[in-house]
Amino acid sequence: MPWPHLAAPREFLAANEAAWVTLSNANYDPALGKALYDRYISELVEAEELGLDGVVVNEHHQNAYGLMPSPNLVAAALTRETSRVKICVLGNALPLYNPPTRVAEEMAMLDVMSGGRLIAGLVVGGGPEYYSTNVNPTDARPRFREAVDLVIQAWTRPGPFAFDGEFYQLPYVNPWPRPLQQPHPPVWIPGLGSPSTITYCVEHGFGYMGVAYYAPPETFARQAVAYHEAVTASGRTFDPELLGWLTTVYVAETDEQAVEEAAPHLAYFQGTLAAGFVGPGKVWMPPGYIDPPALVQFLADLRGMVQGQRPPDAAAAVWKRSPLIGSPKTVRERLLTYVNELGLGTVLALLQFGSLPADLTARSTRLYATEVVPFVREHAEKHFAAKGWE
Amino acid sequence: MTVVDRRPGPRPRTGPTRRTVSVSGRDVTVLRGGTGMALLYLHGLCDIHAVGPVDQWTPLLARLAASFDVLAPALPGYDASTGLEDFDDVEDYVWHLVDLCRELGLAEVAVVGNSLGGWFATELALRHPDLVARLVLLAPVGVHVRGVEVPPFFGAVAPRGIGGAGEARRLLFADPDGAVALGALPDVMTTEQQLLWFSGLAGAARLGWKAPHFQNRKLTERLGRVAVPALVVRGRDDLLVPEEAGRVWATMPGARLLEIPDAGHCLALEHPALADEVAGFLVGPD
């Protein structure tokens, strides 16, 4: 749910270090904000009418990239505005809530209010969020995992019970309401390919949603291969629905038209809005949030990416980095490749990104929902059944 | 008549030796060198164990090693010191230093703490005055004066996609474009430099992250109990240790406050001749 009214990347970066943490909220105009909420929520509702399976909302703080510091509020509106789609909150940043039973409570509310349509995304929270909330980043990951454990227990164990953890100690855990879905709503976790996250998801039966907005598509393919290896190692049966890909999608009549129309808005998304965790400027990556060697690698990849962006190759770069931008035929074929080769069962399509305006979003979403999804869904169901995956 | 040569002495030909000491099951990297009375040096945010060159004394420490047996352990998370996840509060650091002193055979030792190390040195002296003979605090963090704003350290040192440690240098150095600043925090770091710096930042963040960064709220009212002779050195241009904080440090009963012109937070790097002042205080009369 981006703020679309900032300058294009070059101009923006000349005047600002990032779209996160320190970009003044004087840039936010509440009157324009009201129109944006109306528009974005309508687009999510429209997705149900077009036959998509679910809608996704996410949490970010103090930034122009995503205007949902509380995705649960938007999800609550969606429980009333929709009646069929899954409502995926991807997710609530558990370490930012103390106690995290607050998340167990709100998500249980959403599950009950929606009649059992919630998919519960649980996340560590992005690097910038740790600067914005002053939550200590050096134990973010163990704190997150303990909080997940607490939330799951809060949903599944009859209360009241005491929780005595390393980070959280609660004498009475007994949240009302409890979730409608039993034993609890599906849990999905987004990841950037860290082996420990993939293994963690597999071992707990959580969905793994690979995020690949800012990396070449082979990055996701590597994550998917690692996911399959982890499933095999665990002795579990692969469930395609639990392997997801979070990526930008734009569909137009022809490939050329799709690239041409999407390019400036993708550039705004990746160059302006993401400035702050990728890009040439400040990278709000707090100390201890990832291991130093991983941070060194992250920065090296980032520099390679930033320096690799040559304006004359912009169209080719879009094509190469965002394979789901094209004609219905192209997007279908590419998705089928992922289904066939990687067992991809869930696509979290970012159909509105950056400054993509309402008319282009609506047209692309309609083409995707009517000319891509039914075809891919039908093929995938047969393919998965033949493989013995349910 | 005796003529005292006040010029900085030549650096010792041999640098420190590096070894790993085990303290309560955790590794502590210790650099040691020099001859004379033992001196425990607790490093700072941008100092030995945080910025290169690895395994070499900084010019200040090289001068101190000319007349002291300098022991410079890396704080948890820094360099190859392990166990950072076990450190939750000031008490953990104090007990760690107590154990470390015992492991190194140190008692009634001269303690020099720079920046972050100055904070922990003070917390140690507060609780275990028997371990600390004299205390030198160079640009110590740890004291926060309400209403006096200090720029957020961790925002200034956040990495950048393309080069540029300029913001960090401007926060930390009096001369951010000088050779000392550029040597410590170059715009383009080698992998080794990055690993050292990022590891250290995690070490610093473990207790220092809580805003305003690097403070123990209770320290101000407790400083009156630090009775050991102490020398507090503050750079007049230190953005992390404002003038008001310097006045708070001076409330330690045995303290003398020395303010250095043209000096920022990294005065230990930019003003190595301070070693003479430090040495003079450590061996001088009470």
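Residues numbered from 1 in each chain as written. Chains lettered and ligands numbered in written order. Predicted model: local features only at pLDDT ≥ 70, side-chain atom pairs only at ≥ 80, totals over all residues. Heavy atoms only, no water.

1. With respect to the overall build of chain B
A count of helical and extended segments in chain B gives 11 helices and 8 strands. Computed over the C-alpha atoms, the radius of gyration of chain B is 17 Å, within 12% of the 19 Å expected from 2.2 N^0.38 for a compact globule of 286 residues. Dimensions along the principal axes, computed over C-alpha positions, put chain B at roughly 55 × 45 × 40 Å. Classification of the 286 residues of chain B by burial places 58% in the buried group. Considering only contacts in chain B between residues 6 or more positions apart, those separated by 24 or more positions represent 76%. (Helix = DSSP H or I, 4+ residues; strand = E, 2+ residues; numbered from the N terminus. Rg over C-alpha atoms; globule rule 2.2 N^0.38 Å. Buried < 20%, exposed > 50% of the residue type's maximum accessible area, 1.4 Å probe, protein only. Contact = heavy atoms within 4.5 Å.)

2. Structural notes on the interface of chain B and chain A
Of the residues lining the interface, 23 residues belong to chain B; the matching set on chain A comes to 28 residues. For the pairing of chain B and chain A, the buried interface totals around 2,000 Å² over both sides, and the portion due to carbon and sulfur atoms is 61%. Counting across the chain B and chain A interface gives 2 salt bridges. The partner of Glu-167 of chain B in a salt bridge is Lys-282 of chain A, and the shortest N-O contact between them spans 2.8 Å. For the pair chain B and chain A, the interface holds 15 residue pairs in polar contact (both at pLDDT 80 or more). Mapped onto the side of chain B that touches chain A, the elements with two or more residues apiece are α4 (153-156) and α7 (191-208) of chain B. (Buried area = accessible area lost by both parts, 1.4 Å probe. Salt bridge = Lys/Arg side-chain N within 4 Å of Asp/Glu carboxyl O. Polar contact = N/O pair within 3.5 Å; in protein donor to acceptor, adjacent residues only side chain to side chain.)

3. A look at the sheet that holds strand β11 (residues 346-350) of chain A
Residues and elements named next belong to chain A. One open sheet accounts for 7 strands, arranged β1-β2-β3-β6-β7-β8-β11; its pairing is parallel. A strand with exactly one partner marks an edge of an open sheet, and here the two such strands are β1 (54-57) and β11. Averaged over all adjacent pairs, the angle separating strand axes in this sheet is 25 degrees, with direction ignored. Note: strand β2 (residues 86-93) against strand β3 (residues 118-123), 5 bridges, orientation parallel. Counterpart to Val-89 in the pairing with β3 is Ala-120. Running over the sheet, helix α4 (residues 101-113) touches β2 and β3 and is turned about 160 degrees from β3. (Pairing = 2+ DSSP bridges. Axes fitted to C-alpha atoms, helices over the stretch in contact; angles between N-to-C directions.)

4. Here's the deal with the pattern of salt bridges
Under the criterion given, the structure shown has 26 salt bridges over all chains. Here Arg-206 of chain B and Asp-139 of chain A are joined by a salt bridge, their closest N and O atoms 3.2 Å apart. Linking Arg-206 of chain B in helix α7 with Asp-139 of chain A in the loop between α5 (127-133) and α6 (140-156), this pair reaches from one chain into another. The salt bridge partner of Glu-259 of chain B is Arg-236 of chain B, with a shortest N-O separation of 3.5 Å. On the criterion of sequence distance, the pair formed by Glu-259 of chain B in strand β8 (residues 255-260) and Arg-236 of chain B in the loop between β7 (230-235) and α9 (243-249) is long-range, its members being 23 residues apart. Accessibility expressed as a relative area gives 47% for Arg-236 of chain B, which makes it partly exposed. In this structure, a network of salt bridges that share partners links the residues Glu-17 and Lys-282 of chain A together with Arg-160 and Glu-167 of chain B.

5. Description of the packing of helix α2 (residues 90-104) of chain B against helix α3 (residues 116-127) of chain B
All names here are of chain B. At a minimum axis separation of 9 Å, α2 and α3 run at an interaxial angle of 75 degrees. The angle between α2 and α3 falls in the class roughly perpendicular. Contacts between α2 and α3 involve Val-90, Glu-91, Tyr-93, Val-94, Leu-97 and Val-98 from the first element and Trp-119, Phe-120, Glu-123, Leu-124 and Arg-127 from the second. For the contact of α2 with α3, the residue count by class is 8 nonpolar, no polar and 3 charged. (Parallel < 35°, antiparallel > 145°, perpendicular 65-115°, else oblique. Nonpolar A, V, L, I, M, F, W, Y, C, P; charged D, E, K, R; others polar.)

6. Overview of empty space enclosed by the protein
Here the idea is plain: a probe the size of a water molecule rolls over the atoms and shows the empty space left. All names here are of chain B. Scanning the model with the defined rule gives 2 cavities of 30 Å³ or more in all. The calculated volume of the largest cavity comes to roughly 150 Å³. Its residues assigned to classes, the lining of the largest cavity comprises 15 nonpolar, 4 polar and no charged. Size it by volume and the second largest cavity reaches roughly 50 Å³. Lining the second largest cavity we find Arg-18, Leu-31, Ile-48, His-49, Val-51, Pro-53, Val-54, Asp-55, Gln-56, Asp-79 and Leu-196. (1 Å grid on protein atoms, 1.4 Å probe; cavity = no way out; pocket = protein on both sides within 12 Å on 5 of 7 lines; lining within 4 Å. Points joined across faces, edges and corners; volume = space filled by probe spheres on them.)

7. Looking at the confidence of the model for chain B
Residues and elements named next belong to chain B. Chain-level statistics for chain B give a pLDDT mean of 94 and a share of 95% at 70 or above. Long-range and interchain partners of residues 1-8, a stretch whose pLDDT sits below 50, account for 2 contacts in this model, where long-range means more than four residues apart. The ipTM, which scores confidence in the relative placement of chains, is 0.92 for this predicted complex, and the corresponding pTM is 0.94. (pLDDT = per-residue confidence, 0-100.)

8. Remarks on the nonpolar core
Residue and element names in this part refer to chain B. Counting 209 residues, the largest nonpolar core has Cys-46, Leu-116, Leu-135, Phe-153, Leu-185 and Trp-197 as the members making the most contacts within it. Excluding residues that lie within four positions of it along the chain, Leu-135 makes contacts with Val-111, Ala-121, Thr-122, Ala-125, Val-226, Val-228, Pro-229, Ala-230, Leu-231 and Phe-281. The next biggest cluster of nonpolar side chains, apart from the first, holds 31 residues, and it includes Ala-62, Val-112, Leu-231 and Leu-274. (Core = buried A, V, L, I, M, F, W, Y, C linked by side-chain atoms within 4.5 Å.)

9. A closer look at the packing of aromatic side chains
Enumeration over the complete set of coordinates arrives at 24 aromatic pairs over all chains. Taken together, the ring pairs in this structure connect Tyr-131 and Trp-284 of chain A together with Phe-153, Phe-154, Trp-209 and Phe-214 of chain B into an aromatic cluster. (Phe/Tyr/Trp six-rings, centres within 6.5 Å; stacked < 30°, edge-to-face > 60°.)

10. Regarding the sheet that holds strand β3 (residues 37-42) of chain B
Whenever strands of a sheet pair, they do so through backbone hydrogen bonds, lying parallel or antiparallel. All names here are of chain B. Reading across from one edge, β1-β2-β4-β3-β5-β6-β7-β8 is the order of the 8 strands in this open sheet, with mixed pairing throughout. The open sheet has two edge strands, β1 (17-23) and β8, and neither has a second partner. Each strand axis lies, on average, 25 degrees off the axis of its neighbour in the sheet, ignoring direction. On the sheet, α3 packs against β3, β5 (109-114) and β6 (132-138) and is oriented at approximately 150 degrees with respect to β6. Sheet strands touched by helix α11 (residues 274-283): β3, β4 (68-73), β5, β6, β7 and β8. Its angle to β6, the strand with the most contacts, is close to 160 degrees.

11. Some thoughts on the side chain of Thr-79 of chain A
Note that Thr-79 of chain A resides in helix α3 (residues 71-81). Apart from the residues lying within four places of it in its own chain, the contact partners of Thr-79 of chain A are Ile-87, Leu-110, Met-113, Ser-114 and Arg-117 of chain A.

12. Side note on the pairing of strand β7 (residues 207-211) of chain A
Residue and element names in this part refer to chain A. A large share of β7 lies buried, amounting to 5 of its 5 residues. As defined by bridge partners, strand β6 (residues 187-191) adjoins β7 across 4 bridges and the pair is classed as parallel. The residue bridging Ile-189 from the neighbouring strand is Tyr-208, located in β7. With helix α7 (residues 195-204) bridging β6 and the parallel β7, this β-α-β connection has right-handed handedness. (Right-handed = clockwise from strand over helix to strand, strands pointing away.)

13. Section: α3 of chain A
Residues and elements named next belong to chain A. Buried within α3 are the following residues: Pro-71, Asn-72, Val-74, Ala-75, Leu-78 and Thr-79. Across the axial projection of α3, the buried residues extend over an arc of 155 degrees, all falling on one side. Of the residues in α3, the exposed ones pointing more than 90 degrees away from the buried face are Leu-73 and Arg-80. (Arc of directions from axis to C-beta.)

14. Comments concerning the pairing of strand β2 (residues 26-33) of chain B
All names here are of chain B. Here 7 bridges tie β1 to β2, and the two strands are oriented antiparallel to one another. Bridging across to β2, Val-23 finds its partner in Arg-26. Counted along the chain from β1 to the antiparallel partner β2, the turn is 2 residues long, and its residue Ser-24 has a positive phi close to 50 degrees.

15. Side note on unusual backbone geometry
In this chain, Gly-159 of chain A is followed by Pro-160 of chain A through a cis amide linkage whose omega measures -5 degrees. Note on placement: Pro-160 of chain A falls in the loop between α6 and β4 (161-164). For the bond running from Gln-182 of chain A to Pro-183 of chain A, omega is 0 degrees, close enough to zero to count as cis. By the element assignment, Pro-183 of chain A lies in the loop between β5 (169-173) and β6. Residue His-49 of chain B is not a glycine yet carries a positive backbone phi of 75 degrees. On the basis of relative accessible area, His-49 of chain B is assigned to the buried category, the value being 3%. Despite not being glycine, Ala-139 of chain B has its phi angle at roughly 45 degrees, a positive value.

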